[in-house]
Amino acid sequence: MMAVARDIHVQGELRYGEPMSRHTSWRVGGPAETFFLPASIDDLSAFLAELDTSTPVFWHGVGSNLLVRDGGIRGVVVSATKMLRKLERVDGYRVRAGAGLPCTQLARQCIRWGLGPSEFFAGIPGTVGGALAMNAGAHGGETWERVESVRTINRAGEFFQRAPSEYSVGYRNVTGPANEWFLEGLFRFEPGVEPSMETLNDMLERRKATQPLGLPSCGSVFRNPPGDYSARLIEAAGLKGHRIGGAEVSGKHANFIINRDNATAADIEALIDFVRRTVLEKHGVELVHEVRIVGEEAA
Ligand SMILES: Cc1cc2nc3c(=O)[nH]c(=O)nc-3n(C[C@H](O)[C@H](O)[C@H](O)COP(=O)(O)OP(=O)(O)OC[C@H]3O[C@@H](n4cnc5c(N)ncnc54)[C@H](O)[C@@H]3O)c2cc1C
């Protein structure tokens, strides 16, 4: 694979051929041609401005909703999570959070500040940026219900302040201006809603009891179809425990696929497709995957 951007001067770190298996919760994925860890927002902006416009750019959070194919990702993968971790209380009910901040930290600090409803963020093992990109949600709460504005950067390294009205937001789906990524979000919580660490801990206990936590997965693979649950449909189709290569439909939660035994991304993608086809055949319901699938198939 030809590396790109070797002549670009940066303050941060450029890695070539970085295995994406180190950066996804499934622990699979081929190499990123160039993996960029910017030192600051200015470093990132200057890099994007200088980068050849034909080079594809992919933004990575912590890879908890990502299947990177075994052939890896062409172009540049931006990993800005470490330098976008700011969290500040702006006023009574508003909080500004950097895109690299783990959602669990957002939840815990908001509870300390007495700002709710915020507990649901603790159920999302990704970053604030990933939650904005996915409209991540849990236990009845969704990210964009709380968004007042976002700050973004585009492919040319320019900055924007945007309102929710500039995005089309749905269930685990957000579309907005193309080739633009989130740097931070301004979140508004509600007066009179008292969040509690007890509710958060109960929520996490329920997850432990019902999900195969501790085994490599990406959480729920498929979105729930209207009026039903993907896990119910997959279980009723007899697919719990079904395996392709090292990938397995979890026996604990049928909408989770786990990396049981050195799975490849191809094993996981084949199992996703098998589950989708089987559910369609048996129940007549077309499941749509929630997980983002990116990159090239192995040569
Ligand atoms: C055990 C487990 C349980 C889970 N439970 C839930 C749950 O209850 N609810 C839920 O919604 N999700 C859940 N997830 C899925 C996942 O945690 C969320 O989708 C999360 O929001 C992804 O964040 P991330 O930082 O890992 O993003 P990544 O997986 O790195 O990226 C996901 C997508 O977001 C884009 N992206 C990331 N950061 C940015 C940014 N700053 N700007 C623009 N685009 C960006 C990426 O390009 C990619 O397309 C679970 C995952 C696991 C492993």
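The model shown is predicted, which means the values in this text are computed figures rather than measured ones.

What counts as what
Residues numbered from 1 in each chain as written. Predicted model: local features only at pLDDT ≥ 70, side-chain atom pairs only at ≥ 80, totals over all residues. Heavy atoms only, no water. Helix = DSSP H or I, 4+ residues; strand = E, 2+ residues; numbered from the N terminus. Rg over C-alpha atoms; globule rule 2.2 N^0.38 Å. Buried < 20%, exposed > 50% of the residue type's maximum accessible area, 1.4 Å probe, protein only. Contact = heavy atoms within 4.5 Å. Areas by Shrake-Rupley, 256 points an atom, 1.4 Å probe, with all protein chains shown as cover. Arc of directions from axis to C-beta. Phe/Tyr/Trp six-rings, centres within 6.5 Å; stacked < 30°, edge-to-face > 60°. Salt bridge = Lys/Arg side-chain N within 4 Å of Asp/Glu carboxyl O. Domains from an automatic or database assignment. Buried area = accessible area lost by both parts, 1.4 Å probe. Polar contact = N/O pair within 3.5 Å; in protein donor to acceptor, adjacent residues only side chain to side chain. Nonpolar A, V, L, I, M, F, W, Y, C, P; charged D, E, K, R; others polar.

Visitor: Describe the overall build of the chain, and please don't skip the residues or the numbers.
Guide: Looking only at helices and strands, the chain features six helices and 18 strands. Taken over the C-alpha trace, the chain has a radius of gyration of 20 Å; the compact-globule value for 299 residues is 19 Å, and the two agree within 12%. If one aligns the C-alpha atoms of the chain with their principal axes, the spans along those axes are about 55 × 50 × 30 Å. Within the span of the chain, comprising 299 residues, buried residues form 49% of the whole. Put simply, of all contacts in the chain between residues at least 6 apart along the chain, 64% involve residues at least 24 apart. Entry remark: accessible area of the chain is about 13600 Å², with carbon and sulfur atoms responsible for 48%.

Visitor: Account for helix 2 (residues 103–113), naming residues and giving values.
Guide: Owing to its 3.6 residues per turn, the α-helix aligns residues three or four sequence positions apart on the same side. Those residues of helix 2 lying buried are Cys103, Leu106, Ala107, Cys110 and Ile111. The arc that holds the buried residues of helix 2, viewed along the axis, is 130 degrees, so those residues lie on one side. Here the buried face of helix 2 lies against strand 6 (87–91), strand 7 (94–98), helix 3 (128–134) and helix 4 (197–210). Just beyond helix 2, the residue with positive phi is glycine 114, at close to 80 degrees.

Visitor: An account of the packing of aromatic side chains is requested, with residue identities and associated values reported.
Guide: Using the criterion set out here, one finds seven aromatic pairs in the structure. Aromatic side chains phenylalanine 121 and phenylalanine 187 sit 5.9 Å apart centroid to centroid with 80 degrees between the ring planes, which places their arrangement in the edge-to-face category. In this pair, phenylalanine 121 sits in the loop between helix 2 and helix 3 while phenylalanine 187 sits in strand 14 (residues 180–188), placing the two residues 66 residues apart along the sequence. With a relative accessible area of 1%, phenylalanine 187 lands in the buried category. Between tryptophan 144 and tyrosine 167 the ring centres are 5.1 Å apart and the planes differ by 45 degrees, which places this aromatic pair in the tilted class.

Visitor: Any chance you could break down the pattern of salt bridges for me, citing the residues and the numbers?
Guide: Evaluated as defined, the whole model comprises 25 salt bridges. Measuring nitrogen to oxygen at the nearest pair gives 2.9 Å for the salt bridge that ties glutamate 13 to arginine 15. Judged by relative accessible area, which is 38%, glutamate 13 ranks as partly exposed. A relative accessible area of 27% places arginine 15 in the partly exposed class.

Visitor: Explain the domain arrangement of the chain residue by residue, including any values.
Guide: Domain assignment breaks the chain into domain 1 (13–82), domain 2 (84–188) and domain 3 (212–294). Taking only C-alpha atoms, the centre of domain 2 and the centre of domain 3 are 27 Å apart. Taken residue by residue, the interface counts five residues in domain 2 and four residues in domain 3. Regarding the contact of domain 2 and domain 3, the summed buried area is about 480 Å², with carbon and sulfur atoms giving 44% of it. Of all residues in domain 2, Met134, Tyr171 and Arg172 bury the most surface against domain 3, accounting for 82% of the area lost on that side. Summed over the shared surface of domain 2 and domain 3, the result is one salt bridge. Here arginine 172 makes a salt bridge to glutamate 290, at a shortest N to O gap of 4.0 Å. In this structure, the connection of domain 2 to domain 3 is made through two residue pairs in polar contact (both at pLDDT 80 or more). Of the residues contributing to the side of domain 2 that touches domain 3, the split by class is three nonpolar, one polar and one charged.

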